[in-house]
Amino acid sequence: MPSNYYTFRNSVPWLILFLETVFIILFYFLFVGDGPSKSSISYPAFQDVNHMVIFGFGFFLTFLKRYGFSSPGFNLLLVVLGVQCSVLIEGLLVLFLQVTIEDGLKRITKAAVSMIAVVISTGAVLGKTNPVQLIVMTVVEIIVFHMNKWINNIFLQVPDNISMMHVHLFGAYFGLAVSSRFSEPSPRSEKNASTSKSDLFSMLGTLFLWMFWPSFNSVLAVNGKRRAIYNTYFALAASAVTAFVLSVLTTKDGKFRMTHIRSAVLAGGVAVGYAAHSIEHPWIAMILGLLASVIAVLGSWCLQRCLYPALKLHDASGVHLAFGLPAVLGALAQVVLLVINNWTNLPRLGYLVLIQIGAFCLTVSIALITGFITG
């Protein structure tokens, strides 16, 4: 133990200090002035996203007893470093691409949204990585995510608010790719165990994420913010009800399992994120939430027994079920809704569908390749 503490003391503080020094220098030379004062994002909306990233995901990751108290602290450290890195990357895009300067509140909100990808990936590797590895993964993932968003915006002409919603997809598959490079802890390992206290704190984080998810899906929407809010709420409600039903039906003792509920109650909000601002009828969002919850609960039985052992994957907190697969469902639902809304304009319809599928495939491919290299 003393040697581990000695290594921690001589690596982590200096790495953090080095990064912060680099950030301050780059902010001095590269950070451009504030844009127009009138913003489409209110401060309460930014607060909601900030609560999600810091408090919600901080406690969502407390499911392991060995990391129950340190996970919120590590999460805060990664978030504050990642937000600064994300704002700097946006500043570089403004400098080199001569794009329109956005106001400071919108830039920091987009930076907080992009950090969702990192905290999701952290859930896949928690218990197998040390703080130095988590910090390096954060910096690399933020840079690669912005590269992916830039390609989607410039070459595929995907709207900025839609490309930012790829955080679930990117974070889940980047984390799984990184996790594949680590050995799986034994089932009886202390690193892989949880307690009733750690599960309770994790469920507290899930509740906070559930409450603030409508703000997350609507904060960057250009049009239809109110529509995005109530569509997200109905999708979350349907996924929560379905999670409790399926949890009872799929367990041998007929009781609720918090591992099912913790993953499935958020699946509806993830699935509806791409099209929440454009769905006209709430029943469509409710169907998406129901399907996402079904995938999350039933997928845990299939993947953990069949696919994960074959591919030697270990998903510590079930991010693939809670965020990855629902995001895939949401991307497919967006294509279906696009076909329904534009079926009278067949020449343009093929182009729109191809662009959306291309953006989805590009995001997954970049996440898997760069995650594997990072791991």
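Placed above this text is the structure.
Quick summary incoming for the structure in this document. Not measured: the values here are computed from a predicted model.

1. Observations concerning the overall build of the chain
Counting secondary structure elements, the chain contains 15 helices and zero strands. The buried share among the 375 residues of the chain stands at 52%. Excluding contacts between residues fewer than 6 apart, the proportion of contacts in the chain whose partners are at least 24 apart in sequence is 80%.

2. Quick notes on the side chain of Asn 217
For Asn 217, the location among the structural elements is in helix α9 (residues 196-218). The contacts of Asn 217, once residues within four sequence positions are left out, are Met 165, Ala 228, Thr 232, Gly 269, Val 272 and Gly 273.

3. Comments concerning the packing of aromatic side chains
For the coordinates displayed, the defined rule picks out 17 aromatic pairs. The interplanar angle of 75 degrees and the centroid separation of 6.1 Å between the aromatic rings of Phe 60 and Phe 323 together place this pair among those described as edge-to-face. Of this pair, Phe 60 sits in helix α3 (residues 43-60) while Phe 323 sits in helix α14 (residues 319-341), placing them 263 residues apart in sequence. In this pair, the class of Phe 60 matches that of Phe 323, namely buried.

4. A look at the pattern of salt bridges
In this structure the tally under the stated criterion is three salt bridges. Connected through salt bridges with shared partners, the residues Glu 90, Lys 110, Lys 149 and Asp 160 form a single ionic network.

5. Side note on α14
For α14, built from 23 residues, the straight-helix expectation of 33 Å at 1.5 Å per residue is met to within 8% by its first-to-last C-alpha distance of 32 Å. Of all 23 residues in α14, 17 are buried; the element is thus mostly enclosed.

6. Here's the deal with the packing of helix α6 (residues 131-154) against helix α15 (residues 346-374)
In contact at an axis separation of 10 Å, α6 and α15 are set at 155 degrees when each is read in the N-to-C sense. Taken together, α6 and α15 sit at an angle that is classed as roughly antiparallel. Where α6 crosses over α15, the two elements pack in a sense that is right-handed. Here Met 137, Val 140, Val 144, Asn 148, Ile 151 and Asn 152 of α6 lie close against α15, whose contacting residues are Ala 359, Leu 362, Thr 363, Ile 366, Thr 370 and Thr 374.

7. Comments concerning a nonpolar patch on the surface
A grouping of Tyr 230, Tyr 233, Phe 234, Trp 283, Met 286, Ile 287, Leu 290 and Leu 291 is seen on the molecular surface, where their side chains present a nonpolar patch of about 760 Å² in accessible area. Mapped onto the nonpolar patch, the elements with two or more residues apiece are α10 (225-250) and α13 (282-311). Considering the arrangement of structural elements, one finds Tyr 230 in helix α10.

8. Considering the environment of Ala 275
Within the secondary structure, Ala 275 sits in the loop between α12 (267-271) and α13. Each C-alpha atom of the pair Ala 275 and Ala 228 lies 8.0 Å from the other, and the pair is 47 residues apart in sequence.

9. Digging into the nonpolar core
It is characteristic of soluble globular proteins that their nonpolar side chains tend to be buried jointly. If you look at the biggest cluster of nonpolar residues, it comprises 98 residues, and the most contacted ones within it are Phe 57, Trp 213 and Phe 323. The element that contributes the greatest number of residues to this core is helix α5 (residues 104-125), accounting for 11 residues. Filtering out sequence-adjacent residues up to four positions away, Phe 57 remains in contact with Met 52, Asn 75, Ile 116, Val 119, Ile 120, Leu 209, Trp 213 and Phe 323.

10. Observations concerning unusual backbone geometry
Phi is positive for Gln 157, close to 55 degrees, though the residue is something other than glycine. Looking at the secondary structure, you find Gln 157 in the loop between α6 and α7 (160-164).

11. Things to note about the packing of helix α4 (residues 70-97) against α6
Each pair of packed helices can be described by the angle between their axes along with the distance between the axes. Following both chains from N to C, one finds α4 and α6 inclined at 30 degrees, their axes separated by 9 Å at the closest point. The handedness of the crossing between α4 and α6 comes out as right-handed. Residues Phe 74, Leu 77, Leu 78, Leu 81, Gly 82, Cys 85, Ser 86, Ile 89, Glu 90, Leu 93 and Leu 97 of α4 lie in contact with α6, whose contacting residues are Pro 131, Leu 134, Ile 135, Thr 138, Val 139, Ile 142, Ile 143, His 146, Lys 149 and Trp 150. Looking at side-chain class alone, the contact of α4 with α6 contains 15 nonpolar, four polar and two charged residues.

12. Concerning the side chain of Ser 163
Positionally, Ser 163 belongs in helix α7. Exposure remark for Ser 163: the relative accessible area of 0% places this residue in the buried category. Side-chain polar atoms of Ser 163 contact the side chain of Asn 153, separated by 3.1 Å. In this structure the side chain of Ser 163 is engaged in a polar contact, spanning 3.0 Å, whose partner is the backbone oxygen of Asp 160. Not counting residues up to four positions away in its chain, the partners in contact with Ser 163 are Phe 145, Lys 149, Asn 152, Asn 153 and Val 158.

13. With respect to the environment of Thr 242
Position of Thr 242 relative to the elements: it lies in helix α10. Classification of Thr 242 by relative accessible area gives buried; the value is 11%. Sequence separation between Thr 242 and Ala 292 is 50 residues; the distance between their C-alpha atoms is 9.3 Å. Within the local environment of Thr 242, its side chain forms a polar contact with the backbone oxygen of Ala 238, the two atoms lying 2.7 Å apart.

Cut-offs applied
Residues numbered from 1 in each chain as written. Predicted model: local features only at pLDDT ≥ 70, side-chain atom pairs only at ≥ 80, totals over all residues. Heavy atoms only, no water. Helix = DSSP H or I, 4+ residues; strand = E, 2+ residues; numbered from the N terminus. Buried < 20%, exposed > 50% of the residue type's maximum accessible area, 1.4 Å probe, protein only. Contact = heavy atoms within 4.5 Å. Phe/Tyr/Trp six-rings, centres within 6.5 Å; stacked < 30°, edge-to-face > 60°. Salt bridge = Lys/Arg side-chain N within 4 Å of Asp/Glu carboxyl O. Expected span 1.5 Å × (residues − 1). Axes fitted to C-alpha atoms, helices over the stretch in contact; angles between N-to-C directions. Parallel < 35°, antiparallel > 145°, perpendicular 65-115°, else oblique. Left-handed = near helix turned anticlockwise from the far one by under 90°. Patch = residues over 30% accessible without salt bridge, like charges linked within 9 Å, V, L, I, M, F, W, Y side chains within 5 Å. Areas by Shrake-Rupley, 256 points an atom, 1.4 Å probe, with all protein chains shown as cover. Core = buried A, V, L, I, M, F, W, Y, C linked by side-chain atoms within 4.5 Å. Nonpolar A, V, L, I, M, F, W, Y, C, P; charged D, E, K, R; others polar. Polar contact = N/O pair within 3.5 Å; in protein donor to acceptor, adjacent residues only side chain to side chain.

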